[in-house]
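# Residue-level structure breakdown
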Amino acid sequence: MDIEDLRTFVEVADAAGVSPAARRLGVSKSIVSRRLFRLEAELGVQLLARTTRGAALTEAGVTFRDHAARVCAEIDVARETILPAGDLRGRLRVAAPLTFGPTLLAPAFAELARRHPLLHVHTCYSDRFVDLVGEGFDCAVRVGYLSDSILMARRVGPIHGALVASPDYIREHGAPETPDELLTHQALMQGTETWQFIDGDKTISIHPQGRFKADNGTALAVAAVAGLGIAWLPHCLVEDYLASGALTPVMTRYPPPTAGVFVVRPPGQHPARKVRVLTELLIEHFG
């Protein structure tokens, strides 16, 4: 029984279709179909029922999927154990934020691939909150404040931010001096998030309101420059605007707490070595 056939079956089962599994694996649909046919022939049972919407597990497929996933995981551990200390091979699928990824994280991903020429690094840049298990990612890099979840997380670096607004907005609406005053202003947000501020040894939480929202930090910075409201943004996104005077810090007596850059992975006893190596490289990258 071929390990790649098993791995392909697990991907199809988790992705609920041949096409999304092929995209995850980086191979053609015909190769995926051929591997599935070979595995079913080897076992003598049908594992998947093909439908117009994708592929559904048969009763035998449901039972076999968990066994196949465990076998693949054990093989990965065995390979890592016998490989020379510096070698990584196989595939690493990483989800990264579109706002920061191409500038802040891409150099680290490129360095990982350079150091490990046998490792296939597949990165997906999106500000969407991806489902690591359901979408087949080995790990994700997330920026901000992590909420409680079953995922395992490791902080790899800090992110400093500030409240900013354009001079035109401040001339028209004034600048808030306290968190309570901020509630009367237009906030530029990604959703319905909570903003936090440091007041001595206390942390103040508020729920700002605003009519302009975007799921991308760069878009929020542009909206702030246009005078649409006040935004909480990382320094790496606004430093050029601050240097040119297009944006101005506001409410500086109440700074936001330092956010973080985190590597998160699905729950498990031990992270795969490729995830550990990426984590160590990002810690090195953020210095």
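Please refer to the structure placed before this passage.
Residues numbered from 1 in each chain as written. Predicted model: local features only at pLDDT ≥ 70, side-chain atom pairs only at ≥ 80, totals over all residues. Heavy atoms only, no water.

## Quick notes on the pattern of salt bridges
For the structure shown, the criterion picks out 10 salt bridges. Ionic pairing is found between Glu-111 and Arg-114, a salt bridge with its closest N-O pair at 2.7 Å. Separated by three residues within a single helix, Glu-111 and Arg-114 lie in helix H5 (residues 101-115), roughly one turn from each other. Between Glu-284 and Arg-115 there is a salt bridge; the shortest N-O distance is 2.8 Å. With Glu-284 in helix H10 (residues 273-286) and Arg-115 in helix H5, this pair connects stretches of sequence that are 169 residues apart. Relative accessible area serves as the criterion here: at 48%, Glu-284 is assigned to the partly exposed category. Via salt bridges that share partners, Glu-111, Arg-114, Arg-115 and Glu-284 belong to a single interconnected network. (Salt bridge = Lys/Arg side-chain N within 4 Å of Asp/Glu carboxyl O. Helix = DSSP H or I, 4+ residues; strand = E, 2+ residues; numbered from the N terminus. Buried < 20%, exposed > 50% of the residue type's maximum accessible area, 1.4 Å probe, protein only.)

## A few points about the side chain of Glu-11
Here Glu-11 is to be found in helix H1 (residues 3-15). Classification of Glu-11 as buried rests on a relative accessible area of 10%. Those residues in contact with Glu-11 that lie beyond four places of it in its chain are Ala-21, Arg-24, Leu-25 and Arg-91. (Contact = heavy atoms within 4.5 Å.)

## Some words on the packing of aromatic side chains
This structure, assessed with the given rule, holds two aromatic pairs. Ring centres of Phe-109 and Tyr-125 lie 6.5 Å apart, and the angle between their planes is 50°; on these two criteria the pair is classed as tilted. Here Phe-109 is found in helix H5, whereas its partner Tyr-125 is found in strand E4 (residues 119-125), with 16 residues between them in sequence. Accessibility expressed as a relative area gives 4% for Phe-109, which makes it buried. The exposure class assigned to Tyr-125 is partly exposed, which follows from its relative accessible area of 30%. In this structure, Arg-142 is placed above the aromatic ring of Phe-129, and the distance from its NZ or CZ to the ring centre is 3.9 Å. (Phe/Tyr/Trp six-rings, centres within 6.5 Å; stacked < 30°, edge-to-face > 60°. Lys NZ or Arg CZ within 6 Å of the ring centre and 35° of its normal.)

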